[in-house]
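Next come the chains, spelled out residue by residue.
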Amino acid sequence: MPATLSDPAPADPAEALTAAVRRRFGTGAGVDNIVQATLGGSNRTLLFDLVDGNARRRFVSREETFGGEANPFLSPARQFAIMAHVHAAGVPVPEPVFEYDAADALGPGFVTAFVSGETMPRRLLERPDPAGLLRQIAAAAARLHALPVPAAGGAAVGHPLAFLGDIPESGDPVAAMRLRIDALGEPHPALELGLRWLETHRPPERPRALVHGDFRNGNFMVGDAGLAALLDWECTHFGSGVEDLGWLCTRSWRFGQPARHAGGFGTRDELIAAYADAGGPRLDTEELRWWERYGLVRWAMYNILQAHGFERGRRSPAYAVCGRNTAMMEYDLLMTLSGKYD
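Throughout what follows, the structure given in this document is the object of discussion. (Residues numbered from 1 in each chain as written. Predicted model: local features only at pLDDT ≥ 70, side-chain atom pairs only at ≥ 80, totals over all residues. Heavy atoms only, no water.)

Topic: the pattern of salt bridges
1) Next: According to the stated counting rule, one finds 23 salt bridges in the structure shown.
2) Next: We note a salt bridge from E95 to R57, for which the minimum N-O separation is 2.9 Å. Of this pair, E95 sits in the loop between α2 (76–88) and β6 (96–99) while R57 sits in strand β4 (residues 55–64), placing them 38 residues apart in sequence.
3) Next: Residue classification places E95 among the partly exposed positions, given a relative accessible area of 35%.
4) Next: Accessibility expressed as a relative area gives 37% for R57, which makes it partly exposed. (Salt bridge = Lys/Arg side-chain N within 4 Å of Asp/Glu carboxyl O. Helix = DSSP H or I, 4+ residues; strand = E, 2+ residues; numbered from the N terminus. Buried < 20%, exposed > 50% of the residue type's maximum accessible area, 1.4 Å probe, protein only.)

In structure tokens, the structure reads:
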């Protein structure tokens, strides 16, 4: 069955936030300057200042908005655990601060430190040194993919992210995508064709890695010094690290720069070189392109999911437009499989 929506946000988020921060920081703490972010794929996002005497610090609240059996996104508790783990390992990520619990009116969700910078893709592509930013992005991916993970099918006792081994995406990626698409209950012949192509053209198996899962232009917080944080960890799983780089190169994330495959920042070859220079393995172009095709099928699935959310009360025009976007992704997939798109 399709994913459902979680409970709506409290009528007064300021009151709920104030109660939550006072439980953690004392009765003298308060909140100010609350701003709700305009969009969010699977989370509701509030920016706010925590004020305690003369001290003021900017925080971000993230709350779950999708639920149900067909929900492909990790729970906030699992996202928080992942962020805490990679933050401790030196991967650029917003500092986790606290989780909401049953005593809070907000949630399921969590609070992180605010990271200043820009995330708008087209603005990032206007920066004077996109190649330099691509090198930083590749280095962050290489560091993430080098973190130790449990072996597939082996004992994972004691690993803080052992729970990721139980989700479909940590197994066969094609089977997982078929499971997600079938759960949405809509016929999409173009996606079935894409799944069949992926099944019959599989790349060589890679060593298991921690995969961000939404590694793309739009989830990179970029400040004056370059990459400041990787955002949105709700799709993290175990698998091939090349998946992250293929997702970055998927045509949907090039933002008007079709020949600059890696998120509009540079070419595939430049990404492959930067990843290897940062300590990652030297990748094969065709392997990367397999994951790009996988990304088109996957992005179509997410657009179907977002359209379902609109039908069930997530009333933003952006989510309604996702229904149309599905057909665009199917067109891009067919053009790519036929060799008309690079």
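There's plenty left to go through after this.
Details of the layout of surface pockets
1) Next: By volume, the second largest pocket is sized at about 390 Å³.
2) Next: Along its surface, the second largest pocket is lined by 20 residues, and G171, P173, E205, R206 and S240 are the ones closest to its centre.
3) Next: Every element with two or more residues in the lining of the second largest pocket is listed here: β11 (237–239) and α9 (285–311).
4) Next: Among the residues forming the lining of the second largest pocket, the class breakdown is 7 nonpolar, 5 polar and 8 charged. (1 Å grid on protein atoms, 1.4 Å probe; cavity = no way out; pocket = protein on both sides within 12 Å on 5 of 7 lines; lining within 4 Å. Points joined across faces, edges and corners; volume = space filled by probe spheres on them. Nonpolar A, V, L, I, M, F, W, Y, C, P; charged D, E, K, R; others polar.)

Overview of the packing of helix α4 (residues 130–145) against helix α7 (residues 242–249)
1) Next: Where α4 contacts α7, the axes come no closer than 10 Å and their chain directions differ by 150 degrees. One finds that α4 runs roughly antiparallel with respect to α7. Handedness of the α4/α7 crossing: right-handed. Facing α4, whose interface residues are L134, I137, A141, L144 and H145, α7 presents D244, L245 and L248.
2) Next: Residue composition of the contact of α4 with α7, grouped by class: 6 nonpolar, 1 polar and 1 charged. (Axes fitted to C-alpha atoms, helices over the stretch in contact; angles between N-to-C directions. Parallel < 35°, antiparallel > 145°, perpendicular 65-115°, else oblique. Left-handed = near helix turned anticlockwise from the far one by under 90°. Contact = heavy atoms within 4.5 Å.)

Concerning the nonpolar core
1) Next: The biggest cluster of nonpolar side chains holds 64 residues, and the ones touching the most others in it are V86, L164, F220 and W233.
2) Next: Here this core gets 11 residues from one element, more than from any other, and that element is α9.
3) Next: Here L164 is in contact with L74, I82, S170, L210, T236, H237 and F238, once residues within four sequence places are set aside.
4) Next: Formed by 14 residues, the second largest nonpolar core is a distinct cluster that contains A20, V21, V31 and F98. (Core = buried A, V, L, I, M, F, W, Y, C linked by side-chain atoms within 4.5 Å.)

A short note on the packing of aromatic side chains
1) Next: All told, the structure shown has 15 aromatic pairs when counted by the stated rule.
2) Next: On the basis of an interplanar angle of 10 degrees and a centroid distance of 5.5 Å, the ring pair of F73 and Y302 is categorised as stacked. With F73 in the loop between β5 (66–67) and α2 and Y302 in helix α9, the pair connects residues that are 229 residues apart, well separated along the chain.
3) Next: Under the relative-accessibility criterion, F73 is labelled buried at 12%.
4) Next: Here the aromatic residues F25, F48, F59, F98 and Y100 are joined through ring pairs into a cluster of three or more.
5) Next: Directly above the ring of F114 sits R58, whose terminal nitrogen or CZ lies 6.0 Å from the centroid.
6) Next: In this arrangement the basic side chain of R298 is found over the ring face of W247, its NZ or CZ atom lying 4.3 Å from the centre. (Phe/Tyr/Trp six-rings, centres within 6.5 Å; stacked < 30°, edge-to-face > 60°. Lys NZ or Arg CZ within 6 Å of the ring centre and 35° of its normal.)

Functional significance is not addressed by these values, which are geometric in nature.
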